[in-house]
Amino acid sequence: MDRIRLGIIGLGRLGRHHAENIRFRIPNAELRAVCSVVKEEVDAALRDLQPAYGTTDYRTLLQDKELDGVVIATTSAYHCEMICAAADAGVRNIYCEKPLGMNQTEIDRIWDTVTRRGVRVFQIGFNRRFDRSIRSLKEKIDAGRIGKPIVIKFLNRDPLWKEEDLLRFSPTSGGLVFDMLTHDYDLARWILASDAVSVYGNGGVYFYKGLEPLGDIDNCTLLVKFKNGVMGFFETSRNSSYGYHVEIEVFGTEGAMRMGYPPSRDRLESLTVGGLGRECPRWFFEYWEPTFQAELQHFVDCIAQGKEPEVGLEDGYKAVEWALAATQAVQMNKEVPLK
Ligand SMILES: NC(=O)c1ccc[n+]([C@@H]2O[C@H](COP(=O)([O-])OP(=O)(O)OC[C@H]3O[C@@H](n4cnc5c(N)ncnc54)[C@H](O)[C@@H]3O)[C@@H](O)[C@H]2O)c1
């Protein structure tokens, strides 16, 4: 069978890695085109990954009728513009990194354009759904292993950032509550097969004082009520002194299921005068690396086999709605209802 020809827009921290996966690790895909506004990134990709061509103008790539699909991995503020431009240009299959958009107007515009233009496969970059442990947790909960869920807990801690990097990243990210918890909003509604009805939030600047003038924070906690009665607790931080740490726990009427504890880079344990030790993961990328390949493999297979993606437009839309409500809840320190 012919390989699925993809073009990628955005060759930064994540986009470059997506491009490498398409080029080297997804056998039924071909990396046909690359694009970034940074010419050096395009030149490096042309040299290392040998696509048919590279460009600094994403509209050139969208006019390429040889492409079967487009992967958008640009700064979040460009997702709306690029998804809509791709759909308007007749691109039939689109993968976009999370978040879908930055506000209600953007996600409504995307919803309207993608559905009106009849985009066939639309996948949003919730890579954690492709994690083996999380998939197993969901399967077992669905099978009734822990009875009826009562509480779901998420913990999401970034290792210490260099303050200058965080201050550069913050203004384009949508802020801690919007950006950092986006995967958890999606996972919670997927695992529980239920949407949130309300969110209450707390948060502030505890570590990076430079965030204050930007209106961003570095730590927060949320309490969430779900339609099916489950209670949710979410905690997130930008300043974990010991490393990257993600945990999920679901407690039910017949037991509990937990993933991610203790945070571990690998399966090694050391026994020394300091006691029992395990190294923590250092950064999100190494922890989730296999899921980035798996999600793009899924996108390519959906195109090749005419399947619906497991994680699509509605999931991206709902996560942003939730992120907006949670941001408001933390800013106003009150309970905010969701639609
Ligand atoms: N799924 C995850 O776990 C995860 C992790 C990190 C980042 N992300 C998402 O991935 C996206 C990219 O993040 P990043 O950390 O790689 O960002 P980055 O800043 O490292 O890279 C952004 C890229 O977009 C390109 N770009 C920006 N504007 C452009 C334009 N107008 N035309 C063409 N190219 C343009 C830049 O040149 C650069 O190559 C963000 O939306 C972010 O939310 C997802």
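That block above? That's the structure.
Computed from a predicted structure; not experimentally measured.

Colleague: Would you take a moment to explain the overall build of the protein for this structure?
Modeller: Looking only at helices and strands, one finds 11 helices and 15 strands in the protein. The globule rule puts the C-alpha radius of gyration for 339 residues at 20 Å, and the 20 Å found for the protein is close to it. With respect to the three principal axes, the spread of C-alpha positions in the protein is 55 × 50 × 45 Å. Here the protein holds 339 residues, and the buried ones make up 56% of them. Separation between the mean location of the 43 positive side-chain charges and that of the 48 negative ones in the protein comes to 2 Å.

Colleague: Is there a simple way to explain the environment of Glu310 in this structure?
Modeller: Looking at where Glu310 falls in the secondary structure, it is placed in the loop between helix 10 (284–305) and helix 11 (313–332). Owing to a relative accessible area of 38%, Glu310 belongs among the partly exposed residues under this scheme. Sequence separation between Glu310 and Phe299 is 11 residues, and the spatial gap between their C-alpha atoms is 9.2 Å. Leave out the neighbours within four places in its chain, and Glu310 touches Arg129, Arg135, His298 and Asp315. A distance of 3.1 Å separates polar atoms of two side chains, one belonging to Glu310 and the other to Arg135.

Colleague: What is the right way to look at the pairing of strand 11 (residues 245–252) in this model?
Modeller: Where a strand is regular, its side chains alternate between the two sheet faces. Most of strand 11 is tucked away: 7 of the 8 residues are buried. Pairing between strand 7 (residues 149–159) and strand 11: 8 bridges, direction antiparallel. By the bridge assignment for strand 11, Lys153 is matched with Glu249. Direction of pairing for strand 11 relative to strand 12 (residues 255–259): antiparallel, over a ladder of 5 bridges. Residue Glu249 lies in a different strand from strand 12, and its bridge partner there is Arg258. Taken together, strand 11 and the strand that follows it, strand 12, pair antiparallel across an intervening segment of 2 residues.

Colleague: I tried to follow the site of the ligand on my own but got confused; where do I start?
Modeller: Taken together, 26 residues form the shell around the ligand, and within it Arg13, Leu14, Ser36, Glu41 and Ser76 come nearest. One of the backbone nitrogen or oxygen atoms of Val37 is found 3.3 Å away from a nitrogen atom of the ligand. Between Glu97 and the ligand, the recorded distance is 3.2 Å, taken from a side-chain N or O atom to a nitrogen atom. When the free accessible area of the ligand is taken as 860 Å², the share hidden by the protein chains comes to 86%.

Colleague: Can you help me understand the sheet that holds strand 1 (residues 4–9) in this one?
Modeller: Strands belonging to one sheet form pairs held by backbone hydrogen bonds; the direction of such a pair is parallel or antiparallel. If you walk across this open sheet you meet the 6 strands as 3-2-1-4-5-6, and the pairing is parallel. Where the open sheet ends on each side, the last strands, each with one partner, are strand 3 (53–55) and strand 6 (121–124). Neighbour-to-neighbour, the strand axes of the sheet open up by a mean angle of 20 degrees, direction not taken into account. In the packing of helix 4 (residues 79–88) onto the sheet, contacts are made with strand 1, strand 4 (69–72), strand 5 (93–96) and strand 6, and the angle to strand 5 comes to roughly 170 degrees.

Colleague: Teacher, can you tell me more about helix 2 (residues 39–49) here?
Modeller: Because the α-helix completes a turn every 3.6 residues, residues three or four places apart line up on one side. Regarding helix 2, the residues found buried are Val42, Ala44, Ala45 and Leu49. Down the axis, helix 2 shows its buried residues gathered within 165 degrees of arc, on one side only. Of the exposed residues in helix 2, the ones pointing more than 90 degrees away from its buried face are Glu40 and Arg47. Contacts made by the buried residues of helix 2 are with helix 1 (15–25), strand 2 (29–35) and strand 3. Downstream of helix 2 by a residue or two, Gln50 has a phi angle that is positive, lying close to 50 degrees.

Colleague: When you look at the packing of aromatic side chains in this model, what are you seeing that I'm missing?
Modeller: In this description, a pair of aromatic rings is defined by centroid distance and the angle of the planes. This structure, assessed with the given rule, holds 16 aromatic pairs. Their ring planes at 70 degrees and their centres at 4.9 Å tell us that Phe207 and Tyr208 sit as a pair that is edge-to-face. Centre to centre, the rings of Tyr287 and Trp288 are 4.9 Å apart; their planes meet at 90 degrees, and the pair counts as edge-to-face. For Tyr287, a relative accessible area of 22% corresponds to the partly exposed category. When its relative accessible area of 1% is taken as the criterion, Trp288 is described as buried.

The rules behind the values
- One numbering rule holds for all chains: residues counted from 1, following each sequence as written.
- Predicted model: local features are reported for residues with pLDDT of at least 70 only, side-chain atom pairs are reported and counted for 80 or more only, and whole-chain, interface and lining totals are derived from all residues.
- As a rule here, side-chain values cover all heavy atoms of the structure and leave hydrogens and water aside.
- Helix and strand assignments follow DSSP, with helices taken as H or I runs no shorter than four residues and strands as E runs no shorter than two, numbered in order from the N terminus.
- Both definitions apply: the radius of gyration is a C-alpha atom measure, and the globule rule equals 2.2 Å times residues to the power 0.38.
- Burial status follows relative accessibility: with a 1.4 Å probe on protein chains alone, a residue under 20% of its type maximum counts as buried, one over 50% as exposed, and anything between as partly exposed.
- Charge convention: Lys and Arg are scored as positive, Asp and Glu as negative, and His as well as the terminal groups of each chain are ignored.
- Lys charges are placed at NZ, Arg charges at CZ, Asp charges at CG and Glu charges at CD.
- The criterion used for residue contact is that any of the two residues' heavy atoms lie within 4.5 Å.
- Any pair of N or O atoms that falls within 3.5 Å is considered a polar contact. Within protein, one atom must be able to donate a hydrogen and the other to accept it, and sequence-neighbouring residues count only if both atoms are side-chain atoms.
- At least two bridges found by DSSP between two strands are what make those strands a pair.
- When at least one non-hydrogen atom of a residue lies within 4 Å of a molecule or strand, that residue is treated as near it.
- Per-residue and other accessible areas were derived by the Shrake-Rupley procedure at a 1.4 Å probe size, with only the shown protein chains allowed to occlude residues.
- Note on method: axes are straight lines fitted to C-alpha atoms, helices fitted across the in-contact stretch only, with angles between N-to-C directions ranging 0 to 180 degrees.
- Throughout, the arc means that of the directions going from the helix axis to the C-beta atoms.
- Under the pairing criterion, centres of Phe, Tyr and Trp rings, with the six-membered ring standing for Trp, must be within 6.5 Å; the plane angle then separates stacked pairs below 30 degrees from edge-to-face pairs above 60, leaving the rest tilted.

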